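A closer look at the structure
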Amino acid sequence: MKYGVNGCPSEEFIINIGKPQEVTVPLLYEVEQPECESLVGTIFILNEEALNYTVRNTGTNFTFYDNVSYPATGFTDLPPGEYLITGISENGCISGSVVISLNNPDCQVAEGCTLGYWKNHTDRWCDAYQTCTVYGEVFENAPSALADLTLLEVLNLGGGGINNLGRQSVAALLNTCSSEVEYYYTNQLELIAYVNSNFSRRLAGAAGTYLDELNNAGCPLGGTQATSEPSEGCDPDDSDNENNGSNGKGNNSVAISGFTAYPVPFKETLNIQYEFDYVSPATIQFFDMRGRLLRSVKELKATRGVITTIEIDYTMRPSQTYIVKVITNREVITKQIVSSK
């Protein structure tokens, strides 16, 4: 029983407060499709309503944006795939959704040799890289699952995502440094930078697919019998190189020491100071970023503290990146250095 202000009884009554009617709006959009260089696209939403958005890849079920206000630059860095975009206002009264596809770009490439070719023709690898070269020494942003493996080990990995990007990147590296393959990438630093920038869950799959396409463009190489033998100096059965590494990971696949190159950037001379405790003859080799051997110097008794000073001749160009490789009877060590302006 309810009572009024005068104390008199009044009848009970019920008031129903209805839920505001939900309004569904179509999401208007524009798309910048992925290009060959970046392999990522952007989706712009044109609606004026103040909504919070969620952007999810329907193929991988990965959420790129989760309940966020619309960014001024649009939804960026989206690899090829199908995306479900949903938006809802803070009071839940306005909502909308749309499915948008970002397409793989049509990247026409003249030549590229596959994973299988490089696995089975290790004798055709360029001199700058060997089967026992450590993957993380080339691709510095490599995740821990790949970083300590050799190039050949990564080339033989199975699975998708990071593993696929890893093996495709090795084949791409060998295609790029080969003087006989007219590959899409002609500069190893550009390729390495591309791979390093894509070591993430959201980008690795698309980047691996992209390099796979480049690596299947058509291989011009041939004329040699297939071989999967390790590179010279990488054979663990060779008594002179028992600590050098192997096609399998083992305990000896990573270089056990190193060297310092200075000054960097260099101009007319370069000093190589060794940092290993054993004594060994050493060969110091210089390569450009296409893997061409430019200079080779011998040191008869290299050991910790010994310095080899090398005169740089006119073949070295200014402001360029070069690869220095030191080969001893126990290991192969590589570094990248830059010439001065």
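The structure this text deals with has already been given above.
Residues numbered from 1 in each chain as written. Predicted model: local features only at pLDDT ≥ 70, side-chain atom pairs only at ≥ 80, totals over all residues. Heavy atoms only, no water.

Side note on the overall build of the protein
So the rule is basically this: Helix and strand definitions follow DSSP, with helices as H or I runs of at least four residues and strands as E runs of at least two, each counted in order from the N terminus. Each residue gets one of three labels from its accessible area relative to the maximum for its type: buried under 20%, exposed over 50%, partly exposed in between, using a 1.4 Å probe on protein chains only. Any two residues whose heavy atoms approach within 4.5 Å are treated as being in contact. Accessible areas in this description were obtained via Shrake-Rupley with a 1.4 Å probe; residue shielding takes into account the shown protein chains only.
Broken down by element type, the protein carries seven helices and 17 strands. Here the protein holds 341 residues, and 45% of them are scored as buried. Put simply, 60% of the contacts in the protein that link residues at least 6 apart link residues at least 24 apart. Accessible surface computed for the protein: about 17,600 Å², of which carbon and sulfur atoms make up 47%.

Focus: helix 7 (residues 204–215)
The condition is simple: For a helix, the expected span equals 1.5 Å multiplied by the number of residues minus one.
Taking 1.5 Å of rise per residue, twelve residues should cover 16 Å, and helix 7 covers 16 Å from first to last C-alpha, within 8% of that figure. Considered for burial, the residues of helix 7 that qualify are Ala-204, Ala-206, Ala-207, Gly-208, Tyr-210, Leu-211, Leu-214 and Asn-215. Residues of helix 7 that are buried make contact with helix 5 (162–177) and helix 6 (188–196).

Observations regarding the state of the cysteines
For clarity, the cut-off: Pairs of cysteine sulfur atoms within 2.5 Å are identified as disulfides in what follows.
Summed over all chains, the structure comprises two disulfides. Between the sulfur atoms of Cys-113 and its disulfide partner Cys-219 the distance amounts to 2.0 Å. Between Cys-113 and Cys-219, the S-S torsion sits near 75°, and that sign places the bridge as right-handed. In this pair, Cys-113 is assigned in the loop between strand 10 (94–102) and helix 1 (115–120) and Cys-219 in the loop between helix 7 and strand 11 (259–262), connecting sequence segments 106 residues apart. For Cys-113, a relative accessible area of 0% puts it in the buried group.

Structural notes on the sheet that holds strand 4 (residues 29–32)
Stated formally: Any two strands with at least two DSSP-identified bridges between them are counted as paired. Simply put, an axis is a line fit to the C-alpha atoms, just over the touching stretch for a helix, and the angle between two N-to-C directions goes from 0 to 180 degrees.
If you walk across this open sheet you meet the three strands as 4-5-8, and the pairing is antiparallel. Where the open sheet ends on each side, the last strands, each with one partner, are strand 4 and strand 8 (75–78). Averaged over all neighbouring strand pairs, the angle between strand axes comes to 15°, with direction disregarded. Sheet topology places strand 4 next to strand 5 (residues 41–45); four bridges connect them, and they run antiparallel. Bridge pairing in strand 5 places Tyr-29 opposite Ile-45.

Observations regarding the nonpolar core
Our working definition: Joining through side-chain atoms within 4.5 Å is the link that ties buried Ala, Val, Leu, Ile, Met, Phe, Trp, Tyr and Cys residues into a set, and such a set is a nonpolar core.
Of all hydrophobic cores here, the largest spans 45 residues; its most connected members are Trp-118, Tyr-129, Tyr-135, Phe-139, Val-195 and Leu-211. Mapped by element, the contributors of at least two residues to this core are helix 1, helix 2 (135–138), helix 3 (144–147), helix 4 (151–155), helix 5, helix 6 and helix 7. The greatest single-element share of this core, amounting to seven residues, is contributed by helix 5.

Here we look at the side chain of Thr-122
Here Thr-122 shows up in the loop between helix 1 and helix 2. Taking the relative accessible area as the measure of exposure, Thr-122 reaches 7% and is therefore buried.

Details of the packing of aromatic side chains
The cut-off we apply is this: Only Phe, Tyr and Trp rings take part, Trp by its six-membered ring, and two of them pair if their centres are within 6.5 Å. Stacked means planes under 30 degrees apart, edge-to-face means over 60, and tilted covers everything else.
Summed over all chains, the structure comprises 16 aromatic pairs. Seen from their ring centres, Tyr-117 and Trp-118 are 5.4 Å apart, and the 90° between their planes marks the pair as edge-to-face. Residue classification places Tyr-117 among the buried positions, given a relative accessible area of 11%. Between Tyr-184 and Tyr-210, the aromatic rings sit 6.4 Å apart at their centres with planes inclined by 80°, giving edge-to-face as the arrangement.

Section: the environment of Tyr-29
Within the secondary structure, Tyr-29 is located in strand 4. You can call Tyr-29 partly exposed: its relative accessible area is 38%. Considered as a pair, Tyr-29 and Leu-46 are 17 residues apart in the sequence and their alpha carbons are 5.4 Å apart. Beyond its immediate stretch of four places on either side in the chain, Tyr-29 contacts Phe-44, Ile-45, Leu-46, Val-98 and Ile-100.

Side note on the environment of Gly-96
Looking at where Gly-96 falls in the secondary structure, it is placed in strand 10. Among the residues examined, Gly-96 registers a relative accessible area of 8% and is labelled buried. Distance in space between the C-alpha atoms of Gly-96 and Tyr-53 is 9.5 Å, their sequence separation being 43 residues. The residues contacting Gly-96, other than those within four sequence positions of it, are Val-25, Leu-27, Ile-85, Thr-86 and Gly-87.

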